Amino acid sequence: MTPARPPQSASPRMAAPDASNPGGPARRTPFRNVRSAVVLWLAALVWWVLLLAHAAQQIDLAPLRALDRYLYDARLALFSPDQQDPRIVIIDIDERALAAHGRWPWRRGLLAELLESTFQDYGALVVGLDLILAEADKSSGLPTLERLAAGPLQGNTAFAQQLAALRPSLDEDGHLAQVLQRHPVVLGFYFSDGDGSAQTATLPPPSLAASSPGLKDLPDWQGHGGNLDRLQSAAGQAGFLNAVADEDGITRRSLLLARQGSAVFASLPLALAQTLLNAPKLQSVESPAGNLLGLRLQTPRGPLQLNTDDSAGALIPYRAAEGDYAHFSAADLLDKKLPRQALHGRVVLLGSSAPGLLDQRATPLHPSYPGVGVHASMLTGILDGTLAHTPSNTAWIELGLLLLTGLPLMVLAPHLSTWRNAGLLLSLLIGLLSLNLWAWRGLHEAWPLASPLALLAGMAGLLLLIANVGARSARRQLTRLFGHYLPPTLVEEMSHRPDHYSMASRSAVLSVMFADVKGFTGISEHLNPTALAELMNEYFTAMAGIIGQHRGTLDKFMGDAVMAFWGAPLADELHARHAVEAALAMHASMTELNRRFAARGWPTLRISIGINTGPMVVGDLGSRQRRAYTVLGDSVNLAARLQSLCAERGAEILIGEATQAAMAASTADLPPICSSVSLGQQAVRGRAASVEVFELKPAQFRN
């Protein structure tokens, strides 16, 4: 007769019910240890408040400012274009040009020749000078001759006539002034401030009057270094060359406007754009509260809006390190060796990359970058109308980002599992980066990123710490709950998913075993109590070890009997097979065990075992005074009756019909471990109906 298949056991993926939630799985959150979680969560709250105070500018966390600069540099490097801007060309007074035409400063006639060739021979549209021409040129000797004419040679008619004839050719500044009058050239000058600042040479006409509230808030520079009056008058336009370096020495930002008293002046890139676009009229754009929002150029093609911060600053849109702008040596221009179209229809910036002229800047993309390249980068951003800036309400934006990231974490994290918290953190990170990228690419605004990222990183670290504390607490609790029933290896296996297990009562299909020592009453009569205790301790130790090796749960010792079950708390689809394997191993171990007993003069032990499989209740059962993790039910009672039946049938191991069916089913995937013989329907004490019983043959046990 083919034995019937037993009911299926609980799935190993099914979480044990929580005692506070009978019948449902335990909810896994990282907040298992309440006291530790509260302490760590208070630490998270303190960290959040510190970041909020930093954003509100109540405290200064310097590492966050440094991190923001680093993140800005990384973002700039990621999105900076790697192709040249064809509208702008740089003529470089490099070391080769200095070697060919002498050290700086060059005579003004040579500079005039260079500018004349730029326009006449190569067709440039406009030239900007990253140079300051503050003093008169004395290289021709004209000032010396004029002092002689006014001094020792005063009244010498021949000398005066000869000087008058030579003056046009010796007047280097006059020659340059004529070129500046004929062509659109924008000169450069600088502002200075602090002790020792002075106002030297001539400034250009101001671009604006500091009459509106937004312009009155511009930084007020006290000193300046301008150009020779006759050169400035000839050129007309000029722009300041000042660069703004951050506290780490890197130039990320440039001013478009600067103020001296009530006069407002344009930077060199802005003045170049005004000349190129034929947009002499410049307007400030201000908020209703009077804060500067940007500038507007009135061009023949319509207004060009330039967004700035409230001090008229903008972020410099550097290009990739290689090939940012076409560079040509001033030596090749003077020698007329440039390609004919190299400068045609383009803006030309004249500057120097020679290290000795000290016009090198550290930038986010270049450790040493010529200052003329900074002006070229700003001019590109102006012409494109895409200058980015740090908005004046940055503090409010940073506070908003901290609230948007912090509130969901503070409210939701205590109620979510570790993995869901990880998903929440990842979602907030993606949202934060997406929002920051949208502001950069869409609004051309640089939003702070360091403090929200620091909040997410801090929260991630705290959640990991809380989860670790909870996991360690859960492991300790598992050891406390199940350490008396399971070997350390199985407790360790359970510790990987501690919330998967509970001592709450539940119904499950399990396999249960009862093992009893035959003739124990007679044995106890012939041994003194001390020897009997030693014998039974050694026997119980051996049996408990075998049960644990076969993934069993040791329930209890009852006199000379051992009770164990399989399938809980560790779910085990092969619980019936493992129970039978344990029974066979227990029977086989008695040979060695009895040999050791005989050596000590103790009697031989023989055991009988009963195993049954079926539905039963498993969990923490008992009274208020004493409880135990055990099993109850008719299937358990039947296993006990099968063990008692062993004595009547002269058998050593008897199993029930459901256990036999489970064993037969397991042989489809695994080799058989023993043979069994049906004893037919047997009447079992305490049951009205008879049951089919099977006897295992331990002698045929196969390893």
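Look up a bit, the structure's there.
Given the structure is predicted, the values throughout are model-derived calculations rather than measurements. (Residues numbered from 1 in each chain as written. Predicted model: local features only at pLDDT ≥ 70, side-chain atom pairs only at ≥ 80, totals over all residues. Heavy atoms only, no water.)

Got a minute to help me understand the overall build of the protein in this structure?
Each helix and strand counted, the protein has 21 helices and 29 strands in total. Looking at the protein residue by residue over its 703 residues, the buried ones come to 50%. Carbon and sulfur atoms provide 56% of the accessible area of the protein, an area that totals close to 32800 Å². (Helix = DSSP H or I, 4+ residues; strand = E, 2+ residues; numbered from the N terminus. Buried < 20%, exposed > 50% of the residue type's maximum accessible area, 1.4 Å probe, protein only. Areas by Shrake-Rupley, 256 points an atom, 1.4 Å probe, with all protein chains shown as cover.)

It is not clear to me how the packing of helix α13 (residues 394-412) against helix α14 (residues 418-441) should be interpreted in this structure. Could you clarify?
Helix-helix packing is described using two parameters, namely the angle between the two axes and the distance between the axes. In contact at an axis separation of 11 Å, α13 and α14 are set at 170 degrees when each is read in the N-to-C sense. Taken together, the axes of α13 and α14 lie roughly antiparallel to each other. Judged by residue contacts, Leu 401, Leu 404, Thr 405, Pro 408, Leu 409 and Leu 412 of α13 engage Leu 424, Leu 425, Leu 428, Leu 432 and Leu 435 from α14. Its residues placed into classes, the contact of α13 with α14 shows ten nonpolar, one polar and no charged. (Axes fitted to C-alpha atoms, helices over the stretch in contact; angles between N-to-C directions. Parallel < 35°, antiparallel > 145°, perpendicular 65-115°, else oblique. Contact = heavy atoms within 4.5 Å. Nonpolar A, V, L, I, M, F, W, Y, C, P; charged D, E, K, R; others polar.)

Looking at this structure, I do not really get helix α21 (residues 657-666). What am I missing?
What sets the pattern is the α-helix's 3.6 residues per turn: residues three or four places apart point alike. Most of α21 is tucked away: seven of the ten residues are buried. Among the residues of α21, Ala 658, Thr 659, Gln 660, Ala 661, Ala 662, Met 663 and Ser 666 are the ones counted as buried. Each element contacted by the buried residues of α21 is listed here: α19 (575-599), β25 (607-622), β27 (653-656), β28 (676-682) and β29 (691-696).

I keep staring at the sheet that holds strand β11 (residues 251-255) and nothing clicks. Help me out?
Strand-to-strand pairing in sheets goes through backbone hydrogen bonds, with the strands running parallel or antiparallel. One open sheet holds the three strands; their spatial order is β10-β11-β17, and the pairing between them is antiparallel. The open sheet has two free edges, formed respectively by β10 (244-245) and β17 (313-315), since each of these has just one partner strand. Summarising the sheet, β10 and β11 pair through two bridges and their orientation is antiparallel. Residue pairing across strands places Val 244 opposite Arg 253, the latter belonging to β11. (Pairing = 2+ DSSP bridges.)

Would you explain the packing of aromatic side chains in this entry?
Geometry of an aromatic ring pair is reported as the spacing of the ring centres plus the angle between the planes. The full count for this structure, using the stated rule, is 13 aromatic pairs. Centre to centre, the rings of Phe 191 and Phe 265 are 5.8 Å apart; their planes meet at 55 degrees, and the pair counts as tilted. Taken together, the positions of Phe 191 in strand β5 (residues 185-192) and Phe 265 in strand β13 (residues 263-266) put the pair 74 residues apart, joining distant regions of the chain. For the pair Phe 191 and Phe 265, a shared accessibility class is recorded, and that class is buried. Plain terms: the ring middles of Phe 597 and Trp 602 are 5.6 Å apart, the flat faces sit at 55 degrees to each other, and that makes the pair tilted. (Phe/Tyr/Trp six-rings, centres within 6.5 Å; stacked < 30°, edge-to-face > 60°.)

Sorry, what's going on with the pairing of β27 here?
Successive residues of a regular strand alternate their side chains across the two faces of the sheet. Of the two faces of β27, both are covered, the one formed by Ile 653 and Ile 655 as well as the one formed by Leu 654 and Gly 656. Two elements, β25 and β27, share three bridges in a ladder whose sense is parallel. Bridged to Gly 610 within β27 is Leu 654. For β27 and β29, the ladder comprises three bridges, and the chain directions are antiparallel. Within β29, the residue paired with Gly 656 across the bridge is Val 693.

Looking at this structure, how should I read a nonpolar patch on the surface?
A contiguous nonpolar surface patch, about 330 Å² in accessible area, is contributed by Val 38, Leu 42, Leu 45 and Val 49. Among the structural elements, Val 49 can be located in helix α1 (residues 34-55). On the accessibility criterion, Val 49 (45% relative accessible area) is partly exposed. (Patch = residues over 30% accessible without salt bridge, like charges linked within 9 Å, V, L, I, M, F, W, Y side chains within 5 Å. Salt bridge = Lys/Arg side-chain N within 4 Å of Asp/Glu carboxyl O.)

For this particular structure, what's the right way to read the sheet that holds β13?
Taken in spatial order, the three strands line up as β7-β13-β12 in an open sheet, and their pairing is antiparallel. Taken across any chain shown, the strands that pair with only one partner, and hence form the sheet edges, are β7 (208-209) and β12 (257-260). Taken together, the two bridges between β7 and β13 define a ladder with antiparallel strand orientation. Within the sheet, the bridge partner assigned to Ala 209 lies in β13 and is Ala 263.

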